[in-house]
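# Geometric and topological summary
The residues making up each chain are set out below.
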Amino acid sequence: MKWMRRLFAFVIVWCAFTEAVQLFSRLFFHTWVAGDWFLIFLASDSSEMWDFVRTNPGPLITGFAVFLLGIIVAVVTLRLSRRGWWVAVGCFCLYALLGICWLGRAWTPAYLAYDTVRSARDYGSLVGIGKWTDEDEKVSVEAAKDPQTKELPTVVLVIGESLTTARMGIYGYEKDTTPKLAELATNGLDILPPRRATASYTARALQNLLIRDGQSFVKVLRRRGYKPVLISGQHHWERYCGVEQMVFSPCVKKRYLRDEIFSPDVYDWNLVRWAEDELAEADGPLLLIVHLMGSHYPYEDRYPSYWAEGEGLDAYDRSVRLTDTVLADLIALVPQNGVLIFTSDHGESPSSSRWRNAEDPDLWSVPMMVYPKNAPIQEVMCLLGVL
């Protein structure tokens, strides 16, 4: 019986330890420092923070459940062995730390939206800008009745991920990472000068891109009669960090690739079929937002093992090559009265010794493209803040 007790204790401790290491690595990797969510909590005097926790209860429930699990494990361990108090205490401490991490995550709806700790009041005001109200719905319905609304062009906004121009052949990189875009550049694709990213993290970058001068890009276009639809290759974390509440709230449909396809072999080209379906079903002006997983670290997970193999490209370059293919396929779907705009949230510093080195200019240089050339979308571009 002793060996069974010891085996049980080892398994329990090992499970708790491995889970703790995984969660803490993510914590520090994404800068979920405890001070951030604690200060956000203290700064909150608005209902938006409480509303967010109530509508996204997963981390909160998980935190309390892990605490309860720690108590149960400690009690069971003590019942199995009178001398196992140290195991029980150790297990409880590990599970308690896990619970604290999950509770912290529940109170961090915008943990990636802040390069520094900001007041929860800022979060609340941004949610208010993007929030879709009954008054907005009335304006949208009236705009849809206008005959001129039917003449509005379909807008496909493709947002890349961690894509720097320093690794794109069409922007001067010595390796051929964008052969299809280079070919399209001679057939209607307008390669504009690089845009400077405004943040080094996705949530903050999207906030700055899609909310300009107190106006939500998605909200403004929906009020003018557009039907905004989001299809994303990203994980559901967008809901946790507040991006969905801040910028994608007015979308009539939101689909997340990794929420619907539970497989490690999920790549951005799966979004092409979704985009094709949305464009085919559109019965009016459509704003289709396609958010790629792109070149997000780890780069090796962004493409199948056979992709661009043996061409002298490193892992990051191979992820760029896949984005090149996906973007070309999306351009082929653009209807005759449509326009496609492509940019990235922020760049990357794959050549730097430090991940996302703020001193590396590659982190801030992102592509800007429009198809077709000379498309009459100056107003849309101004709303995006890229003109």
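Scroll up to find the structure.
Since the model is a prediction, treat every value here as computed from it, not as a measurement.

Moving on, we get to the nonpolar core. Val158, Leu181, Leu288, Val290 and Leu340 are the most contacted members of the largest nonpolar core, which has 39 residues in total. No other element matches helix H15 (residues 315–333), which puts nine residues into this core. If near-sequence neighbours (up to four positions away) are discounted, valine 158 is found in contact with Val290, Leu292, Leu327, Leu330, Leu340, Ile341, Phe342 and Thr343.

As a further point, take helix H14 (residues 270–281). Compared with an ideal rise of 1.5 Å per residue, which puts twelve residues at 16 Å, H14 spans 18 Å between its outermost C-alpha atoms and is within 8% of the ideal. Restricting attention to buried positions, one finds in H14 the residues Leu271, Val272, Trp274, Ala275, Glu278 and Leu279. Each buried residue of H14 sits inside an arc of 160° when the element is viewed along its axis, so together they form one side. The outward face of H14, more than 90 degrees from its buried face, is lined by the exposed residues Ala280 and Glu281. Next to the buried residues of H14 lie strand E1 (154–160), strand E5 (227–232), strand E6 (253–256), helix H13 (257–260), strand E7 (286–291) and H15.

Moving on, we get to unusual backbone geometry. Look at the link from tyrosine 297 to proline 298: it is a cis peptide, with omega at 0°. Residue proline 372 is reached from tyrosine 371 by a cis peptide bond, and omega for that bond is -5°. Mapped onto the elements of the fold, proline 372 is located in the loop between strand E9 (365–371) and helix H16 (378–384).

We now examine the sheet that holds E7. Spatially, the seven strands line up as an open sheet ordered E2-E9-E8-E1-E7-E5-E6, and their pairing is mixed. Strand pairing shows two members of the sheet lacking a second neighbour, strand E2 (190–196) and E6, which therefore form its edges. The average undirected angle you get between the axes of adjacent strands in this sheet is 15°. Pairing of E5 with E6, which is carried by four bridges, proceeds in the parallel orientation. Among the inter-strand pairings, leucine 230 is bridged to a residue of E6, identified as lysine 254. H14 rests against E1, E5, E6 and E7 of the sheet, and its axis sits at about 175° to E7. Seen against the sheet, H15 touches E1, E7, strand E8 (338–344) and E9 and runs at an angle of roughly 160° to E8.

A few words on the packing of aromatic side chains. Enumeration according to the criterion identifies four aromatic pairs in this entry. Summarising the aromatic geometry, the rings of tyrosine 267 and tryptophan 269 are spaced 5.7 Å apart at their centres and angled 75° between planes, so their arrangement reads as edge-to-face. Judged by relative accessible area, tyrosine 267 falls into the buried class, the value being 9%. Judged by relative accessible area, which is 27%, tryptophan 269 ranks as partly exposed. Ring centres of tryptophan 269 and tryptophan 307 lie 5.4 Å apart, and the angle between their planes is 70°; this geometry places the pair in the edge-to-face category. Note that tryptophan 269 is positioned in the loop between H13 and H14 and tryptophan 307 in the loop between E7 and H15, a separation of 38 residues in sequence. Three or more aromatic residues joined by ring pairs form one cluster here, namely Tyr267, Trp269 and Trp307. Here arginine 255 stacks its cationic end above the ring of tryptophan 274, 3.8 Å away from the centre of that ring.

On to the packing of H14 against H15. In contact at an axis separation of 10 Å, H14 and H15 are set at 15° when each is read in the N-to-C sense. Relative to H15, the element H14 lies roughly parallel. Of the two possible hands of crossing, H14 and H15 adopt the one that is right-handed. Judged by residue contacts, Val272, Ala275, Glu276 and Leu279 of H14 engage Val326, Asp329, Leu330 and Leu333 from H15. Looking at the contact of H14 with H15 residue by residue, the classes come out as six nonpolar, no polar and two charged.

Conventions we followed
- The residue count restarts for each chain, going from 1 along the sequence in the order it is written.
- Given that the model is predicted, a residue must reach a pLDDT of at least 70 before its local features are reported, and side-chain atom pairs must reach 80 or more before they are shown or counted; all residues, however, enter totals for whole chains, interfaces and linings.
- To get the side-chain values, all heavy atoms of the structure are used, and hydrogens and water are removed first.
- As used in this record, nonpolar core signifies buried Ala, Val, Leu, Ile, Met, Phe, Trp, Tyr and Cys residues forming a set joined through side-chain atoms within 4.5 Å.
- Each residue gets one of three labels from its accessible area relative to the maximum for its type: buried under 20%, exposed over 50%, partly exposed in between, using a 1.4 Å probe on protein chains only.
- The numbering of helices and of strands both runs from the N terminus, where a helix is a DSSP run of H or I of at least 4 residues and a strand a run of E of at least 2.
- Contact criterion: two residues are considered in contact whenever any of their non-hydrogen atoms come within 4.5 Å of each other.
- What a helix should span is 1.5 Å times the count of its residues minus one.
- By construction, the arc corresponds to the directions joining the helix axis to the C-beta atoms.
- Any two strands between which DSSP finds at least two bridges are classified as paired.
- Axis angles are defined between N-to-C directions and span 0 to 180 degrees, where every axis is a line fitted to C-alpha atoms and, for a helix, only to the segment in contact.
- Centres within 6.5 Å are what make two rings of Phe, Tyr or Trp a pair, Trp counting through its six-membered ring; a difference in plane orientation under 30 degrees is then read as stacked, over 60 as edge-to-face, and the rest as tilted.
- Only Lys NZ and Arg CZ are tested; either one counts as a charge over a ring when it is within 6 Å of the ring centre and within 35 degrees of the ring normal.
- Orientation is classified from the angle alone, with under 35 degrees giving roughly parallel, over 145 giving roughly antiparallel, 65 to 115 giving roughly perpendicular, and any other angle giving oblique.
- The crossing is said to be left-handed when, going from far helix to near helix, the turn is anticlockwise and less than a right angle, and right-handed when the turn is clockwise.
- Each residue gets one label: Ala, Val, Leu, Ile, Met, Phe, Trp, Tyr, Cys and Pro are nonpolar, Asp, Glu, Lys and Arg are charged, and the others, such as Gly, are polar.

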